[in-house]
Amino acid sequence: MLSIRLLPLLCLLSLSSFSISQDRQAPVVPKTCSVTKPANQPFAQPPSYPAKPSRGQFWFGTDRLWTALPETGAWIGLGHYTPSDPTFRQKLAFWRQGYDPHAEPRPNLIVNGRRIDSPAGPLQTDGKGNGSWTKDDQFIMAGINFPTIGCWQITAHYEDDELTFVVWVGQR
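Thresholds applied
- Residues numbered from 1 in each chain as written.
- Predicted model: local features only at pLDDT ≥ 70, side-chain atom pairs only at ≥ 80, totals over all residues.
- Heavy atoms only, no water.
- Buried < 20%, exposed > 50% of the residue type's maximum accessible area, 1.4 Å probe, protein only.
- Helix = DSSP H or I, 4+ residues; strand = E, 2+ residues; numbered from the N terminus.
- Pairing = 2+ DSSP bridges.
- Polar contact = N/O pair within 3.5 Å; in protein donor to acceptor, adjacent residues only side chain to side chain.
- Contact = heavy atoms within 4.5 Å.
- Disulfide = S-S within 2.5 Å.
- Salt bridge = Lys/Arg side-chain N within 4 Å of Asp/Glu carboxyl O.

A. Structural detail: the pairing of strand β10 (residues 161–170). Of all 10 residues making up β10, 8 are buried, and the element is well covered by its neighbours. Two elements, strand β3 (residues 74–76) and β10, share 3 bridges in a ladder whose sense is parallel. Its bridge partner being in β10, tryptophan 75 is matched across the sheet by valine 169. The pairing of strand β9 (residues 150–158) with β10 spans 9 bridges and is classified as antiparallel.

This is how it looks when you write it as structure tokens:
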């Protein structure tokens, strides 16, 4: 009798562990999408900036313009900006040595992108970047919306500098 009562609990526990193991799996990026990966000699940010980006990311760029990209090369399971918005939203921070968000709250950072593995509408953005800061950091935040999942080449322009990378945007 006791074993019959425990059966539903065991099923629930096995499903929970299955879903947890699914979340820990690295996203699968198709071989046809040459995502940007950490270089053999990765960019080292200037000493006054955070030594490492968030867990699972790497610095990419130069001291004139850099960002943190996913080590897997993929942004998986992005949400929608609003319930009626069909695009996939990502906020992306950019750094530049000497950038001061108090002096330049609306920097002329322009981000654009194109899907490179299939036809798609253009990447949508919030326009120019927004100057942002924390107690220990100063950066430019950009909101971008992907109209579809797929392989995307993204280019950021700030003054005379340009930064281009490739990411896979996927679903869970």
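B. Inspection of the side chain of threonine 36 at higher detail. Turning to its location among the elements, threonine 36 is positioned in the loop between α1 (2–24) and β1 (57–62). Look at threonine 36 and you get buried, because its relative accessible area is 14%. Engagement of the side chain of threonine 36 in a polar contact is seen with the backbone nitrogen of valine 166, the distance being 2.8 Å. In this structure, threonine 36 is in contact with Phe58, Phe60, Leu69, Gly73, Phe165 and Val166, ignoring residues within four places of it in sequence.

C. A look at the state of the cysteines. In the structure shown here, the tally under the stated rule is 1 disulfide. Sulfur-sulfur distance for the disulfide between cysteine 33 and cysteine 151 comes to 2.1 Å. One quick way to see it: the torsion about the S-S bond of cysteine 33 and cysteine 151 is about 80°, and its sign makes the bridge right-handed. You can see cysteine 33 sitting in the loop between α1 and β1 and its partner cysteine 151 sitting in strand β9, a full 118 residues away along the chain.

D. Structural context of the pattern of salt bridges. Following the criterion strictly, the structure yields 5 salt bridges and no others. Among the salt bridges present, the one from aspartate 126 reaches arginine 89, with a minimum N-O distance of 2.8 Å. A residue pair is termed long-range when its members are at least 10 positions apart, and aspartate 126 in the loop between β6 (124–125) and β7 (130–133) and arginine 89 in strand β4 (residues 88–95) qualify at 37 residues. Given the relative accessible area of 36%, aspartate 126 is considered partly exposed. A salt bridge links glutamate 159 to arginine 96, with the nearest nitrogen and oxygen atoms 3.1 Å apart. Remark: arginine 96 occurs in the loop between β4 and β5 (109–115) and glutamate 159 occurs in the loop between β9 and β10; sequence separation between them is 63 residues. The exposed category is assigned to glutamate 159, whose relative accessible area is 53%. Since its relative accessible area comes to 7%, arginine 96 is described here as buried. Each of Arg64, Arg96, Glu159 and Asp161 takes part in a single network of salt bridges with overlapping partners.

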